[in-house]
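Report on the structure
Next come the chains, spelled out residue by residue.
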Amino acid sequence: MAIDFSKRPDWDNYFMEIAHVAARRSNCCRRQVAAVIVRDQRIISTGYNGTPRGITNCCDGGCPRCNSDTPSGQGLSECICSHGEENAIVQAAYHGISVKDATLYTTFSPCLLCAKMIINSGIREVVYHQRYSIDDISSSLLRQAGVILRALEE
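Everything quoted here is computed from the prediction, not taken from an experiment.

The backbone of Asp-40 sits at a positive phi, close to 55°, despite the residue not being glycine. Within the secondary structure, Asp-40 is located in the loop between β1 (34–39) and β2 (42–48). Taking the relative accessible area as the measure of exposure, Asp-40 reaches 68% and is therefore exposed. Here Gln-41, not a glycine, exhibits a phi torsion of approximately 60°, which is positive. The residue Gln-41 is located in the loop between β1 and β2 in this model.

Sheet topology places β1 next to β2; six bridges connect them, and they run antiparallel. Within β2, the residue paired with Val-36 across the bridge is Thr-46. Hairpin connection from β1 to β2: two residues lie between these consecutive antiparallel strands, with Asp-40 at a positive phi of about 55°.

Strand β3 (residues 103–108) sits mainly inside the fold: six of its six residues count as buried. Note: β1 against β3, four bridges, orientation antiparallel. Each bridged residue has a counterpart across the sheet, and for Ala-35 the counterpart in β3 is Thr-106. Relative to strand β4 (residues 125–130), β3 runs parallel, the two being bridged by five bridges. Looking at the pairing, Thr-106 lines up with Tyr-128 of β4. The parallel pair β3 and β4 is bridged by helix α3 (residues 112–121), and the resulting crossover is right-handed.

This part covers the sheet that holds β3. Strand pairs in the sheet, formed through backbone hydrogen bonds, run parallel or antiparallel to each other. The strand order across the open sheet formed by five strands is β2-β1-β3-β4-β5, and the pairing between neighbours is mixed. One side of each edge strand has no neighbouring strand; the edge strands of this open sheet are β2 and β5 (148–151). Sheet twist, expressed as the mean angle between neighbouring strand axes with direction ignored, is 20°.

Under the definition given, this model contains four aromatic pairs. For the pair Tyr-14 and Phe-15, a centre-to-centre distance of 5.0 Å together with 65° between the ring planes defines the contact as edge-to-face. A centroid spacing of 5.4 Å and a plane angle of 40° characterise the contact between Phe-15 and Tyr-105, whose relative ring orientation is tilted. Of the two residues, Phe-15 is situated in helix α1 (residues 11–23) and Tyr-105 in strand β3; the sequence distance between them amounts to 90 residues. Tyr-105 carries the same exposure label as Phe-15, and that label is buried. Among the aromatic residues, ring-to-ring pairing joins Trp-11, Tyr-14, Phe-15 and Tyr-105 into one connected group. If you follow Arg-31 out to its NZ or CZ, it ends over the ring of Phe-108, 5.1 Å from the centre.

If you trace the backbone, Cys-58 turns up in the loop between β2 and α2 (84–94). Along the chain, Cys-58 and Cys-28 lie 30 residues apart, while their C-alpha atoms are 5.0 Å from each other. Sequence-distant contacts of Cys-58, that is, excluding residues within four places in its chain, are made with Asn-27, Cys-28, Cys-29, Thr-51, Cys-63, Cys-66, Asn-67 and Cys-81.

Attention shifts here to α3. Helical geometry: 3.6 residues make up each α-helical turn, so side chains three or four residues apart lie on a common side. Of the residues making up α3, those classed as buried are Cys-114, Ala-115 and Ile-118. The buried residues of α3 occupy one face: seen down the axis, they fall within an arc of 105°. Where α3 is buried, its residues contact α2, β3, β4 and α4 (136–144). The first or second residue beyond α3 is Gly-122, which carries a positive phi of 90°.

Rules used in this analysis
Residues numbered from 1 in each chain as written. Predicted model: local features only at pLDDT ≥ 70, side-chain atom pairs only at ≥ 80, totals over all residues. Heavy atoms only, no water. Helix = DSSP H or I, 4+ residues; strand = E, 2+ residues; numbered from the N terminus. Buried < 20%, exposed > 50% of the residue type's maximum accessible area, 1.4 Å probe, protein only. Pairing = 2+ DSSP bridges. Right-handed = clockwise from strand over helix to strand, strands pointing away. Axes fitted to C-alpha atoms, helices over the stretch in contact; angles between N-to-C directions. Phe/Tyr/Trp six-rings, centres within 6.5 Å; stacked < 30°, edge-to-face > 60°. Lys NZ or Arg CZ within 6 Å of the ring centre and 35° of its normal. Contact = heavy atoms within 4.5 Å. Arc of directions from axis to C-beta.

Below you can see the structure in the form of structure tokens.
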């Protein structure tokens, strides 16, 4: 049986597919998002969105905002869920792993809070699959800080 190497994903698609699998672990009842942090073509951390460690899962009623009829993009300050990018960065820190000069693959472009964390953690590039609807300021901030931001071309 011959192997069809034409279906072998390039590095960007490989890491993004892993991010999409990680997003399936999300316990947020509104949106499933995940991030994979890579350095030297090796995964150093992953994270997906949901409630903080030890808090009732969002899908089990842990986040009042996500479990309400609040319209998308509103009441974000009331959401207790952590974002996928945030969790990937924090997990690396928790385990003593530097993310400096790494690339972050994320299923959605980062929000402003995550953009600030990406900049301050030293991540040099962000590759995203889908554009998040409220990311204009974060995109501008990332570019101003010299972080490469690019959409994954499939």
